[in-house]
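Observations on the model geometry
So you can see what is in the structure, the chains are spelled out below.
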There are 4 protein chains.
Amino acid sequence: MHHQFYNDYSETAHPACLAAIAHEPMRQEAGYGMDTISAQAAEAIRTICHAPEAAVHFLSGGTQANLTVISSMLRPFEAVISAHTGHIFANETGAIEATGHKVISMTVTQGKLTPADVRAVVAAHPWEHGVRPRVVYISQSTEIGTVYNLTELRALREVCTELNLYFFIDGARLGSALVSTEADWTLADIAALADVFYIGGTKNGALLGEAVVIVNTSLQTDFRYHLKQRGALLAKGRVIGSQFLALLSNGLFQALATHANQCALALQNGLLALGVEFESLSSTNQIFPILPNDAITALQARYGFHVWKKYDEGRQMIRLVTSWATPLDKVKDFIADARDALQHKEI
Amino acid sequence: MHHQFYNDYSETAHPACLAAIAHEPMRQEAGYGMDTISAQAAEAIRTICHAPEAAVHFLSGGTQANLTVISSMLRPFEAVISAHTGHIFANETGAIEATGHKVISMTVTQGKLTPADVRAVVAAHPWEHGVRPRVVYISQSTEIGTVYNLTELRALREVCTELNLYFFIDGARLGSALVSTEADWTLADIAALADVFYIGGTKNGALLGEAVVIVNTSLQTDFRYHLKQRGALLAKGRVIGSQFLALLSNGLFQALATHANQCALALQNGLLALGVEFESLSSTNQIFPILPNDAITALQARYGFHVWKKYDEGRQMIRLVTSWATPLDKVKDFIADARDALQHKEI
Amino acid sequence: MHHQFYNDYSETAHPACLAAIAHEPMRQEAGYGMDTISAQAAEAIRTICHAPEAAVHFLSGGTQANLTVISSMLRPFEAVISAHTGHIFANETGAIEATGHKVISMTVTQGKLTPADVRAVVAAHPWEHGVRPRVVYISQSTEIGTVYNLTELRALREVCTELNLYFFIDGARLGSALVSTEADWTLADIAALADVFYIGGTKNGALLGEAVVIVNTSLQTDFRYHLKQRGALLAKGRVIGSQFLALLSNGLFQALATHANQCALALQNGLLALGVEFESLSSTNQIFPILPNDAITALQARYGFHVWKKYDEGRQMIRLVTSWATPLDKVKDFIADARDALQHKEI
Amino acid sequence: MHHQFYNDYSETAHPACLAAIAHEPMRQEAGYGMDTISAQAAEAIRTICHAPEAAVHFLSGGTQANLTVISSMLRPFEAVISAHTGHIFANETGAIEATGHKVISMTVTQGKLTPADVRAVVAAHPWEHGVRPRVVYISQSTEIGTVYNLTELRALREVCTELNLYFFIDGARLGSALVSTEADWTLADIAALADVFYIGGTKNGALLGEAVVIVNTSLQTDFRYHLKQRGALLAKGRVIGSQFLALLSNGLFQALATHANQCALALQNGLLALGVEFESLSSTNQIFPILPNDAITALQARYGFHVWKKYDEGRQMIRLVTSWATPLDKVKDFIADARDALQHKEI
């Protein structure tokens with residue numbers, strides 16, 4: 001296999017993360033996230049987010065973060081609103097429902113929930129014969145690579161405030177969103193708008209780790225009980241804390257995401273130049289070109305990627321994901337091979 | 001602080017584990033536990049356990065392993081039997097109950113459940129106005145440092161078979177149990193007796209990681225669905241697989257546990273020689289001496305440890321935990337300081 | 001208020017049901033559904049359904065029946081498929097999700113799920129990153145008054161068998177469906193096709209009560225545990241058993257439903273004669289006429305009914321429900337008043 | 001069978017309850033508990049309890065009431081404290097755990113929880129590695145027929161207030177407790193002390209029905225959502241409301257319970273006069289005599305009752321339950337037959 005564009009977690013971790021983990025391994029630290037390293041990382045996140053009152057917790061993965069956060073926000077009869085493409089609705093094996101709560105999905109375009117969607121859900125749930133919507137969940141960037149801009153985020157915040165909903169942002173790919181050309185916001189903006197969000201490490205260079213930031217102080221109380229109950233409290237919390245310290249030093253977090261986006265943009269531009277169609281263009285590290293079936297077959301001999309869905313009789317949409325670890329020459333190789341495949345040359 | 005005997009996860013990880021993680025970080029591997037490194041580690045575990053049909057999955061911690069395994073075994077009205085000291089009953093914030101199941105506890109001595117306990121629970125639950133006991137849960141070593149011997153394990157297996165119960169062994173500290181002087185069994189014995197068990201990495205040198213071994217083939221089906229739903233499927237499964245490969249090479253797993261036990265034995269013998277009483281003696285890496293209150297206060301100035309419970313008006317039981325990382329000279333220092341504290345000298 | 005067409009449970013119960021309850025009240029019977037009266041009623045149901053091996057249980061309401069039955073069929077990661085109009089998806093406050101399971105909805109027309117819908121759901125859930133569909137849920141009659149015919153039911157049974165799904169029929173209004181002009185099936189057909197179904201009493205003359213019929217013997221085991229755990233095991237089971245005995249004697253169950261349907265048909269025909277439009281015509285006891293807003297306002301002064309949804313700027317769809325207890329003269333009154341309202345006369 | 005002393009729900013219902021249900025069956029009422037009859041019954045309960053601000057809801061049974069109320073009070077990591085004999089711990093098939101919450105049991109004597117028990121539980125749960133106790137659950141009368149007096153109730157209220165716990169009283173047999181010779185309190189006292197309690201109808205003459213009284217206004221909000229989600233919202237709420245109206249008229253509720261207690265007292269005194277031993281004497285409608293095995297066998301030929309537990313080699317404790325429906329002559333017969341059985345005469 002020449003290269004895999006399956007996802008952004010195919011490589012182990014960025015050297016800086018590995019080095020951070022391996023630093024002073026024999027220094028004794030308190031367990032279960034009460035260590036000094038996690039405390040420093042939490043402080044670094046509060047600083048970068050301009051959120052001095054935020055609580056920060058380090059979890060091992062996105063599904064774990066989503067189920068722990070969302071179930072902590074809801075009473076038994078309350079529900080969370082998601083785009084139909086939202087990770088919690090489509091890709092987490094009913095993890096939210098397993099905590100007892102309905103995920104109300106809205107069919108969206110571009111992977112993005114709108115205030116109108118939120119209003120429609122609330123309007124459709126007026127009484128006790130249905131659940132009560134209580135949390136708006138979005139992913140930033142979305143599962144199809146798009147990015148909410150500041151106007152869109154503010155509009156969602158406003159509708160949440162108006163309708164007494166919490167606003168939760170899944171940031172598994174927040175780095176890629178943050179440095180995308182579409183992003184006209186900062187982490188501080190995210191912290192000012194969301195009740196809770198998380199900063200994804202796993203898909204941006206870390207071995208594992210998501211930093212959950214609870215900005216709304218009323219949601220901070222007792223969160224460690226939720227963590228422990230859901231199996232999300234790591235004995236050695238430093239393993240994640242240390243990596244976030246590394247990622248947040250010297251702009252590494254942004255640099256890694258920028259590299260991933262540049263690789264994706266190069267892929268996208270290269271394919272566009274070959275006449276390849278896209279349903280929508282991406283500014284983050286996932287792109288979704290539409291290719292003829294035979295070209296896909298040819299490319300699969302050398303590259304790993306997911307076929308996303310059938311587009312028409314002769315074509316399918318594929319997903320290509322780049323990361324901090326993607327070599328630029330593999331991007332060039334892919335484009336060259338795609339050119340040949342489209343021209344029915346052997347590759 | 002001179003040294004902490006709080007637990008066996010105060011240090012980061014053994015160098016061999018850190019090296020294993022850092023090996024070939026840029027080699028692309030499949031995500032979510034489907035990587036070749038996890039596959040090799042699983043095979044190594046099957047080999048060492050003489051369990052060629054076993055399924056092996058790598059999870060990030062003990063509570064996560066317990067809740068995922070137990071909820072996968074039970075229908076909604078079924079329950080798990082545990083000693084009152086069992087981790088799932090006493091120390092996991094209702095994690096099992098949060099999946100919908102009752103933990104039936106029996107008050108035990110020495111931290112060990114007996115066939116008579118199991119029979120008593122089953123006899124007390126004859127009909128549909130109570131839950132149905134379905135799983136016997138034990139910890140090996142137990143939460144108070146004791147070890148089930150082969151006769152005891154076989155007796156539990158027999159009662160489980162007779163009463164149609166599954167037998168699940170929490171091996172968060174299985175290494176320490178395995179190399180204890182009380183252990184007259186092997187990992188292959190454990191695999192032959194349990195339906196499911198796990199081999200703890202976190203408390204024996206790994207950064208994080210528990211290897212769940214599902215021996216009973218009828219329980220293997222669909223386990224990845226349970227993992228994903230509970231947030232237990234790591235994107236980069238290699239992070240745990242690689243460490244288990246390291247631990248299972250050249251006897252490292254046993255060597256680390258042996259060191260931990262030797263430190264604990266040295267502590268225990270040293271304190272016995274000072275006339276310190278114990279409710280029961282331990283052959284693993286946790287000991288529970290009974291000390292005068294003033295001696296405890298004095299020792300707390302230099303050492304970290306948990307006060308376990310009040311023993312009588314003047315004394316309390318403390319817990320001292322050693323690990324692969326405990327320096328032997330700290331053990332000697334502790335004994336010397338304990339001698340002084342018991343003689344009311346300043347330490 | 002002249003008359004309410006809100007629902008089919010506005011009156012207490014048919015005199016025969018009340019008489020059955022009040023019969024021999026001092027005769028002692030076993031509790032929790034083990035009484036001889038419930039046993040007789042179960043036998044009567046087995047006979048009428050030609051299902052000698054079926055297990056029958058009496059529950060107090062539809063939501064209770066749905067949540068108890070569905071959660072008894074599923075492993076934690078499994079899910080149920082429903083029309084978007086299905087009661088479990090739209091009208092039960094997340095009762096299924098509260099037992100830990102996702103309800104996968106398909107947007108349907110006419111309230112009916114098709115084999116193609118079922119296939120599409122299964123195709124969209126191929127792996128452990130999504131739930132596994134395991135039960136197909138339909139309502140007969142549906143929430144919008146339509147009825148599945150025998151061809152449609154057989155096709156659903158076939159797709160269930162092919163795809164290893166259970167087939168569960170919510171029969172809260174099974175009586176009305178059974179006697180509708182669209183029904184070309186019998187209760188024996190339902191029993192032959194479904195794994196589990198229930199016969200609704202509450203909406204067809206009973207004080208309360210749904211008879212759950214578990215035809216698939218593999219689903220019968222331990223169902224009383226589920227009943228007790230969900231709070232669905234009535235201390236005095238005879239209260240429901242006795243009513244079903246009454247309803248199933250001398251064709252009362254069919255007679256009551258037939259009256260309800262005739263009232264609805266009379267309403268529908270009367271309104272059609274006035275030129276009122278319908279999105280679809282009903283053969284059961286719920287009809288959904290589309291009326292001008294001012295006519296609705298006028299009618300609301302004298303009649304109770306639910307406004308179902310906005311149809312266009314000037315019109316809304318309303319729901320009129322008839323029952324065993326609907327007086328035919330009230331039907332005539334309504335039509336007359338509707339005529340006046342449509343002609344802008346005062347009513 | 002001469003007579004059954006198995007329980008207090010062997011007969012259908014008191015004639016007044018049956019008459020109340022059958023009154024004006026064709027008057028249309030709103031569904032789902034919004035009817036005028038339930039409203040009147042709620043007002044009657046508020047009046048008798050001197051609790052003008054209380055919310056009252058009518059549920060169909062005790063387990064349903066317990067699981068709905070308790071799960072409505074708790075966040076996911078919170079737990080309820082119960083005596084080990086408590087119905088929620090011993091007799092409800094893990095219904096509370098199925099809603100995600102641990103029941104913490106304390107081994108008690110006389111079926112009664114004490115403030116010391118409550119303090120011990122709270123002291124044993126100081127941090128996030130265990131659940132947080134949040135509700136104290138007691139049954140009045142208890143499962144073994146004893147009654148908390150006013151001093152005991154006040155002491156429990158005080159410890160709840162001090163430790164920030166809710167106080168919930170299961171009143172499935174509140175009538176029998178209320179009129180017992182041990183009761184030095186009124187329903188108004190119960191309402192003043194509990195956050196939530198319920199008044200049992202099913203075991204005191206009603207066909208079915210428990211009246212849940214939510215005194216603490218902060219717990220009233222959204223309770224109908226919980227009811228609907230748990231399948232506890234009856235379509236025809238009037239069926240329970242009407243019975244409570246009947247029971248609360250002219251002192252019927254107290255009269256029925258008084259009759260039950262008198263029968264039990266007569267049984268107890270009659271057996272005492274025969275030299276029969278009791279572990280403890282009861283002032284309510286359940287008594288627990290200790291009888292020789294052969295006498296039990298002889299009595300079982302003519303009477304139905306539960307054998308409670310083995311007492312010693314030759315004797316067992318049995319449970320005899322009386323009710324509003326127990327004929328006094330059956331009580332006399334039982335005593336006479338017990339005399340014969342104890343003297344080894346044929347009965």
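Just so you know, these numbers come straight off a predicted model, no measurement behind them. Along each chain, numbering runs from 1 in the same order as the chain's sequence is written. Here the convention is simple: chains get letters from A, ligands get numbers from 1, in the order in which they are written. Local features in a predicted model are, by the rule used here, given only for residues with pLDDT of at least 70; side-chain atom pairs are given and counted only at 80 or more, and totals for whole chains, interfaces and linings are based on all residues. Side-chain metrics in this entry use all non-hydrogen atoms of the structure; hydrogen atoms and water are not considered.

Side note on the overall build of chain A
- When its secondary structure is counted, chain A shows 14 helices and 14 strands.
- In terms of C-alpha radius of gyration, chain A reaches 21 Å, essentially the compact-globule figure of 20 Å for 347 residues.
- Projected onto its principal axes, the C-alpha coordinates of chain A cover approximately 60 × 55 × 35 Å.
- The rule is simple: take the accessible area with a 1.4 Å probe, protein chains only, and divide by the maximum for that residue type; under 20% is buried, over 50% is exposed, in between is partly exposed. Residues classed as buried in chain A amount to 65% of the 347 residues present.
- What makes two residues a contact is simply this: any of their non-hydrogen atoms within 4.5 Å. Looking at chain A alone, contacts between residues at least 24 apart form 72% of all its contacts between residues at least 6 apart.
- For accessible areas, the Shrake-Rupley method is used with a probe of radius 1.4 Å. Any residue's cover is judged against the shown protein chains and nothing else. As displayed, chain A has an accessible area near 11,600 Å², and 52% of this comes from carbon and sulfur atoms.
- Computing the positive centroid from 26 side-chain charges and the negative centroid from 33, chain A places the two 3 Å apart. Under the DSSP-based scheme used, a helix requires at least four consecutive residues in state H or I and a strand at least two consecutive residues in state E, with every element numbered from the N terminus. Only the C-alpha atoms count toward the radius of gyration. The rule for a globule is 2.2 Å times the residue count to the power 0.38. Within this scheme the basic residues Lys and Arg register as positive and the acidic residues Asp and Glu register as negative, but His and the chain ends are omitted. To locate a charge, take atom NZ for lysine, CZ for arginine, CG for aspartate or CD for glutamate.

As for the interface of chain B and chain D
- Across the boundary between the two partners, chain B contributes 16 residues, which contact 16 residues of chain D.
- Summing both sides of the interface, chain B and chain D together bury roughly 1,300 Å²; the carbon and sulfur share of this comes to 52%.
- Contact with chain D buries area across many residues of chain B, yet Thr93, Glu97 and Lys102 of chain B alone supply 43% of it, more than any other trio.
- Take a side-chain nitrogen of Lys or Arg and a carboxyl oxygen of Asp or Glu: if they are within 4 Å of each other, that pair is a salt bridge. The interface formed by chain B and chain D includes two salt bridges.
- Glutamate 97 of chain B is the salt-bridge partner of lysine 102 of chain D, the closest N and O atoms lying 4.0 Å from each other. We define buried area as the total accessible area lost by two parts upon association, computed with a 1.4 Å probe and summed across both.

Quick look at the relation of the copies chain A and chain B
- Alignment of copies: least-squares fit on C-alpha atoms of residues with pLDDT of at least 70 in both copies. Mapping chain A onto chain B calls for a screw motion: a turn of 180 degrees about the axis and a shift of 0.0 Å along it, with 0.0 Å RMSD after fitting. Put plainly, the chains are arranged around a two-fold axis.

Details of the packing of aromatic side chains
- In this scheme Phe, Tyr and Trp rings, the latter by its six-membered ring, pair at centre separations within 6.5 Å, and the angle between planes marks the pair as stacked below 30 degrees, edge-to-face above 60, and tilted otherwise. A complete count under the given rule lists 40 aromatic pairs over all chains for this structure.
- With a centroid separation of 6.1 Å and an interplanar angle of 40 degrees, the aromatic rings of phenylalanine 5 of chain B and tyrosine 303 of chain B are classed as tilted. Note that phenylalanine 5 of chain B is positioned in the loop between β1 (3–4) and α1 (15–22) and tyrosine 303 of chain B in strand β12 (residues 303–304), a separation of 298 residues in sequence.
- What makes phenylalanine 5 of chain B buried here is its relative accessible area of 0%.
- Each member of the aromatic cluster is reached from another via a ring pair, and the members are Phe5, Tyr303, Phe305 and Phe334 of chain A.
- Distance and angle both matter: a charge sits over a ring if NZ of Lys or CZ of Arg is within 6 Å of the ring centre and within 35 degrees of the ring normal. One Lys or Arg, lysine 112 of chain C, reaches over the ring of tyrosine 148 of chain C and ends 5.8 Å from the middle of that ring.
- Positioned over the ring face of tyrosine 225 of chain B is arginine 132 of chain C, at 4.7 Å from the centre of the ring.

So, the interface of chain A and chain B
- Contacts between the two partners involve 47 residues from chain A, matched on the other side by 47 residues from chain B.
- At the boundary of chain A with chain B, total buried surface from both sides reaches about 4,000 Å², with 56% on carbon and sulfur atoms.
- Considering only the side of chain A, the residues that lose the most area to chain B are Tyr9, Gln28 and Lys236 of chain A, jointly responsible for 19% of the buried surface there.
- Our count for the chain A to chain B interface comes out at zero salt bridges.
- Each polar contact in these results corresponds to two N or O atoms within 3.5 Å; when the atoms are within protein, one needs to be able to donate a hydrogen and the other to accept it, and residues that are neighboring in sequence are counted only if both atoms are side-chain atoms. Scanning the region where chain A abuts chain B turns up 27 residue pairs in polar contact (both at pLDDT 80 or more).
- Taken together, the elements giving at least two residues each to the side of chain A that touches chain B come down to β1 (3–4), α1 (15–22), α3 (62–73), α5 (95–98), α10 (223–229) and α11 (238–247) of chain A.

Focus: the sheet that holds strand β2 (residues 55–59) of chain B
All names here are of chain B.
- Spatial ordering of the open sheet is given by β2-β8-β7-β6-β5-β3-β4, a layout of seven strands whose pairing is mixed. Across the chains shown, the open sheet's two edge strands, defined by having one partner strand only, are β2 and β4 (103–106). Between one strand axis and the next, the sheet turns through 25 degrees on average, direction left out of account.
- Pairing between strands requires that DSSP locate at least two bridges from one strand to the other. In this structure, strand β7 (residues 196–200) lies alongside strand β8 (residues 210–214), joined through five bridges in antiparallel fashion. Paired with isoleucine 199 across the two strands is alanine 211, which belongs to β8.
- All axes here are fitted lines through C-alpha atoms, helices being fitted over the stretch that makes contact, and every angle between N-to-C directions spans 0 to 180 degrees. Of the strands in this sheet, β2, β3 (78–83), β5 (132–139), β6 (166–170), β7 and β8 touch helix α3 (residues 62–73), which is tilted by about 175 degrees from β6.
- On top of the sheet, helix α11 (residues 238–247) reaches β2, β7 and β8; it is set at about 115 degrees to β2, its chief contact.

Describing helix α12 (residues 252–273) of chain D
Residue and element names in this part refer to chain D.
- A helix is expected to reach a length of 1.5 Å times the quantity of its residues less one. In a regular helix each residue adds 1.5 Å, so 22 residues correspond to 32 Å; α12 covers 31 Å between its end C-alpha atoms and thus fits that length.
- Listed in full, the buried residues belonging to α12 are Leu252, Phe253, Leu256, Ala257, Ala260, Asn261, Cys263, Ala264, Leu267, Gln268, Gly270 and Leu271.
- Backbone geometry just downstream of α12 places glycine 275 in the positive-phi region, at approximately 85 degrees.

Observations concerning the UniProt feature "domain: Aromatic amino acid beta-eliminating lyase/threonine aldolase" (unreviewed entry) in chain A
- Annotation from UniProt places "domain: Aromatic amino acid beta-eliminating lyase/threonine aldolase" (unreviewed entry) at residues 26–288 of chain A.
- Taken as a whole, residues 26–288 of chain A contains 41% helix and 16% strand, while its terminal C-alpha atoms sit 46 Å from one another. UniProt positions are given in the numbering used here, feature names are shortened, and annotations may be inferred rather than shown by experiment.

Overview of the relation of the copies chain B and chain D
- When chain B is fitted to chain D, the best match, at an RMSD of 0.0 Å, comes from turning it 180 degrees and sliding it 0.0 Å along the axis.
- Most of the interface of chain B is mirrored in chain D, where 100% of its interface residues again form contacts.

Quick notes on the state of the cysteines
Residue and element names in this part refer to chain C.
- When two cysteine sulfur atoms lie within 2.5 Å, the pair is treated as a disulfide. Taken as a whole and judged by the stated rule, the model has zero disulfides over all chains.
- Here cysteine 17 stays unpaired: no disulfide links it, and the sulfur of cysteine 49, its closest cysteine neighbor, is 17 Å away.
- In this structure cysteine 160 is a free cysteine whose sulfur lies 19 Å from that of cysteine 49, the closest cysteine sulfur available.

Remarks on the pairing of strand β8 (residues 210–214) of chain C
Residues and elements named next belong to chain C.
- The element β8 is largely enclosed, with a buried count of five among its five residues.
- Side chains Glu210, Val212 and Ile214 project from β8 onto one buried face, and the interleaved Ala211 and Val213 project onto a second face that is buried too.
- Note that strand β2 (residues 55–59) and β8 share five bridges and pair antiparallel. If you follow valine 56 over to β8, its bridge partner there is valine 213.

Examining the sheet that holds strand β8 (residues 210–214) of chain D
All names here are of chain D.
- The seven strands are arranged β2-β8-β7-β6-β5-β3-β4 in an open sheet whose pairing can be described as mixed. The open sheet terminates on both sides in strands that have one partner only, identified here as β2 (55–59) and β4 (103–106). Adjacent strand axes in the sheet meet at a mean angle of 25 degrees, parallel and antiparallel pairs treated alike.
- Bridging between strand β5 (residues 132–139) and strand β6 (residues 166–170) involves five bridges; their strand directions are parallel. When the sheet's bridge partners are listed, tyrosine 137 is paired in β6 with phenylalanine 168.
- In the packing of helix α3 (residues 62–73) onto the sheet, the strands contacted are β2, β3 (78–83), β5, β6, β7 (196–200) and β8, and the crossing angle to β6 comes to about 175 degrees.

Here's the deal with the environment of glycine 62 of chain C
Residues and elements named next belong to chain C.
- Positionally, glycine 62 belongs in helix α3 (residues 62–73).
- Relative accessible area serves as the criterion here: at 23%, glycine 62 is assigned to the partly exposed category.
- Each C-alpha atom, one on glycine 62 and one on glutamate 210, is 6.8 Å from the other, the two residues being 148 residues apart in sequence.
- Look past the residues within four positions of glycine 62 in its chain and what remains in contact with it is Glu92, Tyr198 and Glu210.

A look at the environment of isoleucine 144 of chain D
All names here are of chain D.
- Residue position: isoleucine 144 is located in the loop between β5 and α7 (150–163).
- Sequence spacing of isoleucine 144 and serine 282 is 138 residues, and the spatial spacing of their C-alpha atoms is 8.1 Å.
- Each residue touching isoleucine 144, except ones within four places of it in the same chain, is listed here: Gln110, Gly111 and Phe288.

Re the packing of helix α5 (residues 115–123) of chain C against helix α6 (residues 150–163) of chain C
All names here are of chain C.
- It is at 9 Å that the axes of α5 and α6 come closest, and there the two elements cross at 20 degrees. By the angle between their directions, the pair α5 and α6 is classed as roughly parallel. Where α5 crosses over α6, the two elements pack in a sense that is right-handed. On the side of α5, the interface is formed by Pro115, Val118, Arg119 and Val122, while α6 contributes Ala155, Leu156, Val159, Glu162 and Leu163.
- Residue classes in the contact of α5 with α6 are distributed as seven nonpolar, no polar and two charged. Any angle between 65 and 115 degrees counts as roughly perpendicular, while under 35 counts as roughly parallel, over 145 as roughly antiparallel, and the rest as oblique. Take the far helix as the reference: if the near one is turned anticlockwise from it by less than a right angle, the crossing is left-handed, and if turned clockwise, right-handed. Residue polarity follows a fixed list, in which Ala, Val, Leu, Ile, Met, Phe, Trp, Tyr, Cys and Pro are nonpolar, Asp, Glu, Lys and Arg are charged, and the others, Gly among them, are polar.

Focus: helix α1 (residues 15–22) of chain D
- Along α1 of chain D, the residues classified as buried are Cys17, Leu18, Ala20 and Ile21 of chain D. Seen along its axis, α1 of chain D keeps its buried residues to an arc of 160 degrees; they face one direction.
- In this structure, the buried side of α1 of chain D is in contact with α1 (15–22) of chain C together with α11 (238–247) of chain D.
- Glutamate 24 of chain D, located one to two residues past α1 of chain D, shows a positive phi value of around 45 degrees. Here the arc refers to the set of directions running from the helix axis out to each C-beta atom.

Points about the packing of α1 of chain D against α11 of chain D
Residues and elements named next belong to chain D.
- In contact at an axis separation of 8 Å, α1 and α11 are set at 135 degrees when each is read in the N-to-C sense. Judged by the inter-axis angle, α1 sits oblique to α11. Crossing hand, α1 versus α11: right-handed. On the side of α1, the interface is formed by Ala16, Cys17, Ala20 and Ile21, while α11 contributes Val239, Ser242, Gln243, Ala246 and Leu247.
- Among the residues making up the contact of α1 with α11, the classes are represented as seven nonpolar, two polar and no charged.

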